[in-house]
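Survey of secondary and tertiary structure
Spelled out, the chains give:
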Amino acid sequence: MSKKIRVRFAPSPTGYLHVGSLRTVLYDYLFAKHNGGDFILRIEDTDKARYVEGSIENLVKILDFMGLEYSEGVFVNQDNKTFQKGDFGPYIQSLRLDIYQKYVDELIKNDYAYYCFCSQERLGKMRKNQRLQKLAPMYDRKCRGLSKDEVQKLLEEKTPYVVRLKVPRKGVTEFEDLIYGKIKIENKTIDDQVLMKSDGFPTYHLASVVDDHLMEISHVTRAEEWLPSTPKHILLYKAFGWEIPQFAHFTLLLNPDKSKLSKRQGDVKVEDYLKKGYLKEALLNFVLLLGWNPKTEEEVFSLSEMIARFDLSGVNKTGAIFNTEKLDWLNGVYIRKMDLSELTKLCVPYLIEAELLEEVGGSKYQVLSTGEEVDFEYLKKIVALEQERMKKLSEIGESVKFIFSEKLDYEKELLIWKKMTAGDAKNNLQLIFNELSSIEEKDFQSNKLQEILDRLVEKNNLKRGEVLWPLRVALTGLKGSPSPFEVAEVLGKEKVLERIEFALELLK
Ligand code: GLU
């Protein structure tokens, strides 16, 4: 019987979820789900200095929001408290220190690891010399030569120590990476890695190997930055006599200039992308395509389609460029597909943030500029104006501001279309004004208004632009906007006439 597929995402709680880690966790998740395997969240908090309070809770909430479900590991309850679930816990490494201690003792006993008593000062000097000689930084194995008695004596004297892996001096270590293929490395180039720090905490290397083994992880899937560490991990598996899992490393994400994706060149926090109004579906779809190729022209995938389609053979070996134009495009695709009520619900906070509205309760909102009260249905109409064009939810405030303005502010020249004169624009607006004044409020609907104005164009032997352009500008004050019919419907008769009158005033 083949082994059950078990995959873990193993973040360190250092503050926020990086978009690169979002891609890693998505691939981990998809690989597990595609293969009917288990997906586990393990927290790797053995680096006390980098621990940031609240980051576990934050991370769990983002995964939950993104819909990346796991069945084992660390969860957060309603009161924002972490709890754990699963047969292989604890799933937080700082709660497993006794386990690591036991395995370190075993390695020392079997001569696969040794105590190192070198002071920070000595190690600092050693590294400096290596730098000067342009040598790779590497422990010089001084303590590897200590006799049993010497070690005993130093331990009795309570000399601070770390425990290091005794890397064989000869031979090669090799393994097969599911993305990169065969990796071979000469043992003499591998550092005697610290496994246990002087504070009794394990390093990442020891902890992740012990945990991946004890938690029966079948596939270690993670970011490329860990590929160079994998030979050390293989040596550890061998030292313990454990079965070696499969490995798959995912390429780096790159800035457009091909440097490693960094804070300096843009946002890297998933939270920031969400705040800017990228939809979770678009973000997941975007990171999916950063390094995975469906082998067809398709680009838009729902989470369930991703699960059905994802396989490691589609994962690229070369770094993926983080191209936010593509993200904007995908976000637009998902915004257009969205149910209008859902989209409006998501847009309301941005309208409030833009100080256009205030919530007054009972699905009612007050327009801050005019004091009018509007309901959710009305906001839906406003959002509908932009649904086709919007790229990010955060744009909504700026793009529909004109609807809420008490008075528009634009140059009168904007009312004049192409070769028209100001006089033509004025005449045409006057024609529109007269026509619309005679229409009943209930007929202020986009399609009816379109018919009426089309007739007006024909009757007066005008070009459409000569009528629609000045009207559109009169209603919006903008160079670019949705169609004047849709805008007119949202504004209603009274405001439409007011705005046309204002334009006529400007053109006087
Ligand atoms: N804790 C490591 C990180 O946050 C995970 C590495 C791994 O998945 O093995 O990058």
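The structure we're discussing is the one just above.
The sections below set out a description of the structure shown in this document. (Residues numbered from 1 in each chain as written. Predicted model: local features only at pLDDT ≥ 70, side-chain atom pairs only at ≥ 80, totals over all residues. Heavy atoms only, no water.)

If you walk across this open sheet you meet the three strands as β5-β6-β9, and the pairing is antiparallel. Each having just a single partner strand, β5 (113-116) and β9 (194-196) make up the two edges of the open sheet. Neighbour-to-neighbour, the strand axes of this sheet turn through a mean angle of 45°, independent of strand direction. (Pairing = 2+ DSSP bridges. Helix = DSSP H or I, 4+ residues; strand = E, 2+ residues; numbered from the N terminus. Axes fitted to C-alpha atoms, helices over the stretch in contact; angles between N-to-C directions.)

This part covers the site of the ligand. Around the ligand, the surrounding shell consists of Arg 8, Ala 10, Pro 11, Ser 12, Glu 44, Tyr 204, Arg 222 and Trp 226. Separating an oxygen atom of the ligand from a side-chain N or O atom of Arg 222 is a distance of 3.2 Å. Measuring from an oxygen atom of the ligand, one finds a side-chain N or O atom of Trp 226 at 3.2 Å. Its free accessible area being 300 Å², the ligand has 83% of it covered by the protein chains. Grouping the amino acids of the shell around the ligand by side-chain chemistry returns four nonpolar, one polar and three charged. (Near = heavy atom within 4 Å. Polar contact = N/O pair within 3.5 Å; in protein donor to acceptor, adjacent residues only side chain to side chain. Areas by Shrake-Rupley, 256 points an atom, 1.4 Å probe, with all protein chains shown as cover. Nonpolar A, V, L, I, M, F, W, Y, C, P; charged D, E, K, R; others polar.)

Here we take up the packing of aromatic side chains. Applying the stated criterion to the full structure yields 20 aromatic pairs. Considering the side-chain rings of Phe 117 and Tyr 161, the 6.0 Å spacing of their centres and the 70° angle between planes classify their relative orientation as edge-to-face. Here the residue Phe 117 occupies a position in the loop between β5 and α4 (120-132), and Tyr 161 occupies one in the loop between α5 (148-156) and β6 (162-165), the gap between them amounting to 44 residues. Tyr 161 gets classed as partly exposed once you look at its relative accessible area, which sits at 31%. Clustering of aromatic rings is evident, with ring pairs tying together Tyr 27, Phe 250, Trp 292, Phe 301 and Phe 310. (Phe/Tyr/Trp six-rings, centres within 6.5 Å; stacked < 30°, edge-to-face > 60°. Buried < 20%, exposed > 50% of the residue type's maximum accessible area, 1.4 Å probe, protein only.)

Our focus in this paragraph is the packing of helix α15 (residues 422-437) against helix α19 (residues 493-507). At a closest axis distance of 10 Å, the pairing of α15 and α19 adopts a crossing angle of 155°. Regarding the angle of α15 to α19, the classification is roughly antiparallel. The way α15 lies across α19 gives a crossing that is left-handed. In this structure, α15 uses Ala 422, Ala 425, Lys 426, Leu 429, Gln 430, Ile 432, Phe 433, Leu 436 and Ser 437 to contact α19, whose residues at the interface are Lys 493, Val 496, Leu 497, Ile 500, Glu 501, Ala 503, Leu 504 and Leu 507. Looking at the contact of α15 with α19 residue by residue, the classes come out as twelve nonpolar, two polar and three charged. (Parallel < 35°, antiparallel > 145°, perpendicular 65-115°, else oblique. Left-handed = near helix turned anticlockwise from the far one by under 90°. Contact = heavy atoms within 4.5 Å.)

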